Amino acid sequence: MHHFEYRDGTLHAEEVNLAALAERVGTPFYCYSSAALRQHYQAFATAMPKGSLIAYSVKANGNLAILRELARLGCGADIVSGGELRKALAAGIAPARIVYSGVGKTVHEMERALKAGILQFNVESEAELEALNSVALALNTRAPVAIRVNPDVDARTHAKITTGTAQSKFGISWNRAEAIYARAASLSGIRIVGIDCHIGSQIVELAPFEAAFTRLIALARQLRSQGHPITTIDFGGGLGVAYRSDNAPPPEPRAYGTMVASLTRALEAQLIFEPGRRIVAEAGVLVARVIYVKETESKRFVILDAGMNDLLRPALYDAYHEIVPLNGPKANTTVYDVVGPVCETADLFAQERALPELKAGDLVAILTAGAYGAVMSSAYNARAPAAEVLVDTKDWAIIRGRADEEALVEQDRLPPWLED
Ligand code: LLP
């Protein structure tokens, strides 16, 4: 079922008319569908082997309302900072369902996570292991640890979101793993609980996952034979979504789950998954208004009131997002470059894109923007990032307002010598 559909000539989010919503909240704004969120979560959760922990990757979309909706469905969290820990807890996610990833956990962040009683730290370096040991000893406790090992598998995704190769800053290299587990076992502030990997994001085929998980499971068995209690196996996130309707669809969670189930059949372990994009990407759109249509000798530009400060993915990764008019559907007849108002050539949402004819004042939706959209926004060019709205059937609510310019100015402080 699709949750963003045309009804009576206007794009709706569930039962909410997005054009009417634009009049109420102003553009640009992100709009999320609760039903889509629930559907994507349930599709993923029910496809994984029974008893698996789904630790939603908060970095994909950390809005408290999104986290609360997922918490109510029984979802856990994969966090990468003290800030995400705070959000996950505030949303009502049980600490025992939280895993903590990331290469740069500070001592203060470790302390807070330990005191909260999270399920496990996914440790990414020897230095981090030693630091965590000291923190745990000072708190008179033992930190539950999985080591993130790098299976050295190429995820065949965008270079900027590949993490599982030997060149990457993430994880511990394969041939160091056994030595690090031996070291971890000797530290009295560390309690080994499992093993972890994450090979990248927006992966659109099963083969790289299968190769990585096969290696990971073999290593888990080897570590067990050496006496290490590997009770959790964390497979990370990374399952991709269809950004282009004309591309082959990425694997369904069911196929992914079946593959994992067959690899883990004889293995008694708590399986953990850290999906982000797959849960929220298709549950969100970015609604923007056309400010101008500008024609030059060689191009026709559509200039939107949303910019790369609101949605960075096209500028940073050359990412493709479908763009549709809010009043439609209509045939694509004109070729445009769709850009934002930010003073950067990279502020480009679509190049040479065939779209229905657009004019100033028209509204458009940039699709599949629920993941790594609002969370990566900034106030570049002193532009307040887009608001966020959550829809549930015919109800809607602003779940993050657009900061006003006053607030943007007030964030800065004048030092005494520059005050009048
Ligand atoms: N677990 C770990 C350790 C991760 O590093 C990530 C994503 C995930 C889970 C979730 O991956 P997902 O299921 O969402 O693919 N900003 C980029 C994506 C960066 C992903 C970083 N790590 C983008 O917009 O494409």
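Residues numbered from 1 in each chain as written. Predicted model: local features only at pLDDT ≥ 70, side-chain atom pairs only at ≥ 80, totals over all residues. Heavy atoms only, no water.

Engineer: I tried to follow the overall build of the protein on my own but got confused; where do I start?
Structural biologist: Assigned secondary structure in the protein consists of 12 helices and 21 strands. What you see for the protein is a C-alpha radius of gyration of 23 Å, in line with the 22 Å of a compact globule of 420 residues. Within the protein, buried positions represent 53% of all 420 residues. For the protein, long-range pairs separated by at least 24 residues make up 69% of all intrachain contacts whose partners lie at least 6 apart in sequence. For the protein, the exposed area adds up to about 18500 Å²; of that, 51% sits on carbon and sulfur atoms. (Helix = DSSP H or I, 4+ residues; strand = E, 2+ residues; numbered from the N terminus. Rg over C-alpha atoms; globule rule 2.2 N^0.38 Å. Buried < 20%, exposed > 50% of the residue type's maximum accessible area, 1.4 Å probe, protein only. Contact = heavy atoms within 4.5 Å. Areas by Shrake-Rupley, 256 points an atom, 1.4 Å probe, with all protein chains shown as cover.)

Engineer: How should the domain arrangement of the protein be read in this particular structure?
Structural biologist: Interface size is commonly expressed as the accessible surface area that is lost when the partners come together. Split into domains, the protein comes out as domain 1 (4–31 + 281–410) and domain 2 (102–273). Look at where the C-alpha atoms of domain 1 and domain 2 centre, and you get two points 35 Å apart. Taken together, the contact between domain 1 and domain 2 spans 10 residues of the former and nine residues of the latter. A buried area of about 900 Å², summed over both sides, lies between domain 1 and domain 2, and 53% of it is on carbon and sulfur atoms. Summed over the three residues of domain 1 that lose the most area to domain 2, namely Y317, Y320 and E322, the buried surface amounts to 50% of that side. Counting across the domain 1 and domain 2 interface gives zero salt bridges. Counting the contacts that link domain 1 with domain 2 gives one residue pair in polar contact (both at pLDDT 80 or more). Residues that form the side of domain 1 that touches domain 2 fall into these classes: five nonpolar, two polar and three charged. (Domains from an automatic or database assignment. Buried area = accessible area lost by both parts, 1.4 Å probe. Salt bridge = Lys/Arg side-chain N within 4 Å of Asp/Glu carboxyl O. Polar contact = N/O pair within 3.5 Å; in protein donor to acceptor, adjacent residues only side chain to side chain. Nonpolar A, V, L, I, M, F, W, Y, C, P; charged D, E, K, R; others polar.)

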